[in-house]
Amino acid sequence: MGLKWLDKEKKKNWLDITREERLFCAHLYFDIKDQEKLFVEWLNSKLEGLQCNPGAEWEVGYEVCFYRDYLYSKSHKIREYNRDKEKQYSEKRTFDLCLFSDEQIIIIEAKVQQGFNAHQIKSFVEDKTAVQGILKDTNENIRVDIVGLCSSTYLSNLEKHGKCAILDPFDGHIITWKEISEIEKFRYNNKDIYIKANDEIYGK
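Residues numbered from 1 in each chain as written. Predicted model: local features only at pLDDT ≥ 70, side-chain atom pairs only at ≥ 80, totals over all residues. Heavy atoms only, no water.

A. Quick peek at the overall build of the protein. From N to C terminus, the protein includes 9 helices and 5 strands. Along the chain direction, N to C, the helices and strands of the protein fall in the order α-α-α-β-α-α-β-β-α-β-α-β-α-α. Rg of the C-alpha trace for the protein: 18 Å, near the compact-globule value of 17 Å for 204 residues, within the 12% margin. Dimensions of the protein, computed from the C-alpha atoms along their principal axes, are close to 60 × 40 × 35 Å. Here the protein, with 204 residues, has 44% of them falling under the buried criterion. Long-range contacts, defined as pairs at least 24 residues apart, comprise 70% of the intrachain contacts of the protein with a sequence gap of at least 6. For the protein, the computed accessible surface area is about 12100 Å², with 45% contributed by carbon and sulfur atoms. For the protein, the separation between the mean place of its 32 positive charges and that of its 36 negative charges on side chains is 6 Å. (Helix = DSSP H or I, 4+ residues; strand = E, 2+ residues; numbered from the N terminus. Rg over C-alpha atoms; globule rule 2.2 N^0.38 Å. Buried < 20%, exposed > 50% of the residue type's maximum accessible area, 1.4 Å probe, protein only. Contact = heavy atoms within 4.5 Å. Areas by Shrake-Rupley, 256 points an atom, 1.4 Å probe, with all protein chains shown as cover. Lys, Arg positive; Asp, Glu negative; His and termini not counted. Charge placed at Lys NZ, Arg CZ, Asp CG, Glu CD.)

Dropping the structure here:
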């Protein structure tokens, strides 16, 4: 279709110009939904040490406001729960994507236009500990892992400039939008969206 007010000659769509990470994550959410086991199987083969169980029952979540909604499901309002607690849980903290099973939670934090900075990665590590802590009351041994999702160009630039150490807290759990676009047997709604996220947005 194209929108004349964006570009009269090329008639671009909003999708042609957006750099919003949430849009790309939303596309990934709908592609993973109902294909969770296939995606987890791919993750497990791709990321050494992630130790997923593809045979488990998995659910994917998008824009997961984990602390607020988990506590509310247990009849706690987060502000009241936080009172007099040494650990304060953020009512606004939202994870881009999550994969849930009875045994494991995989938090996926994504970047498109930018890379990760040290402060963000430190907060991801803190979230891993915080999620494990808030789940202690369940008496279930639930593993929590953080996976970074970004452009392959960003990774190449880090390697070129000797700055790969910034990603060490991810424990090697890094995937790229390019790799997402190449998953075998995956049913895509729009594979090009991941190629765009990988090749056209970073640094723009």
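After that view of the structure, there is still more to cover.
B. The arrangement of helix 6 (residues 118-134) in detail. The terminal C-alpha atoms of helix 6 lie 24 Å apart, and with 17 residues this matches the ideal 24 Å at 1.5 Å per residue to within 8%. What helix 6 keeps buried is the set I121, F124, D127, A130, V131 and I134. Buried positions along helix 6 lie against helix 4 (66-73), strand 2 (95-100), strand 3 (104-110) and strand 4 (143-150). Structurally, the start of helix 6 carries an N-cap: the backbone nitrogen of H119 is 3.1 Å from a side-chain oxygen of N117. (Expected span 1.5 Å × (residues − 1). Polar contact = N/O pair within 3.5 Å; in protein donor to acceptor, adjacent residues only side chain to side chain.)

C. Just the sheet that holds strand 3, in detail. Spatially, the 5 strands line up as an open sheet ordered 1-2-3-4-5, and their pairing is mixed. Single-partner strands in this sheet number two, and they are strand 1 (59-64) and strand 5 (174-176). Geometrically, the sheet is characterised by an average inter-axis angle of 25° between neighbouring strands, direction not taken into account. Of the pairings in the sheet, the one linking strand 3 to strand 4 comprises 7 bridges and is parallel in character. Bridge pairing links I105 to V144 in strand 4. On top of the sheet, helix 3 (residues 36-46) reaches strand 1, strand 2, strand 3 and strand 5; it is set at about 100° to strand 2, its chief contact. Packing against the sheet, helix 6 makes contact with strand 2, strand 3 and strand 4, and its axis sits at approximately 150° to strand 4. (Pairing = 2+ DSSP bridges. Axes fitted to C-alpha atoms, helices over the stretch in contact; angles between N-to-C directions.)

D. The arrangement of the packing of helix 2 (residues 21-32) against helix 9 (residues 192-199) in detail. At their nearest, the axes of helix 2 and helix 9 sit 10 Å apart, and the two run at 145° to each other. Crossing of helix 2 over helix 9 shows left-handed handedness. Contacts between helix 2 and helix 9 involve L23, F24, H27, L28 and D31 from the first element and I193, Y194, K196 and A197 from the second. Residues that form the contact of helix 2 with helix 9 fall into these classes: 6 nonpolar, 1 polar and 2 charged. (Left-handed = near helix turned anticlockwise from the far one by under 90°. Nonpolar A, V, L, I, M, F, W, Y, C, P; charged D, E, K, R; others polar.)

E. A look at the side chain of E21. As for its position among the elements, E21 is in helix 2. With no salt bridge to any partner, buried E21 finds its closest opposite charge in K111, at an N-O distance of 4.2 Å. With residues near it in sequence (within four places) discarded, E21 still touches A110, K111, V112 and Q113. (Salt bridge = Lys/Arg side-chain N within 4 Å of Asp/Glu carboxyl O.)

F. Layout of the confidence of the model for the protein. The predicted model of the protein has a mean per-residue pLDDT of 90, with 97% of residues at 70 or higher. Mean pLDDT values for the elements of the protein range from 73 in helix 1 (residues 14-17) up to 98 in strand 1. (pLDDT = per-residue confidence, 0-100.)

G. Up close: the packing of aromatic side chains. Taken as a whole and judged by the stated rule, the model has 18 aromatic pairs. Taking the centre distance of 5.7 Å and the plane angle of 5° together, the rings of F66 and Y70 count as stacked. Pair noted here: F66 and Y70 are both in helix 4, with a separation of 4 residues, about one helical turn. On the basis of relative accessibility, which here comes to 15%, the residue Y70 falls in the buried class. Taking the centre distance of 6.0 Å and the plane angle of 55° together, the rings of Y188 and Y194 count as tilted. In terms of burial, Y188 and Y194 fall into one category: buried. (Phe/Tyr/Trp six-rings, centres within 6.5 Å; stacked < 30°, edge-to-face > 60°.)

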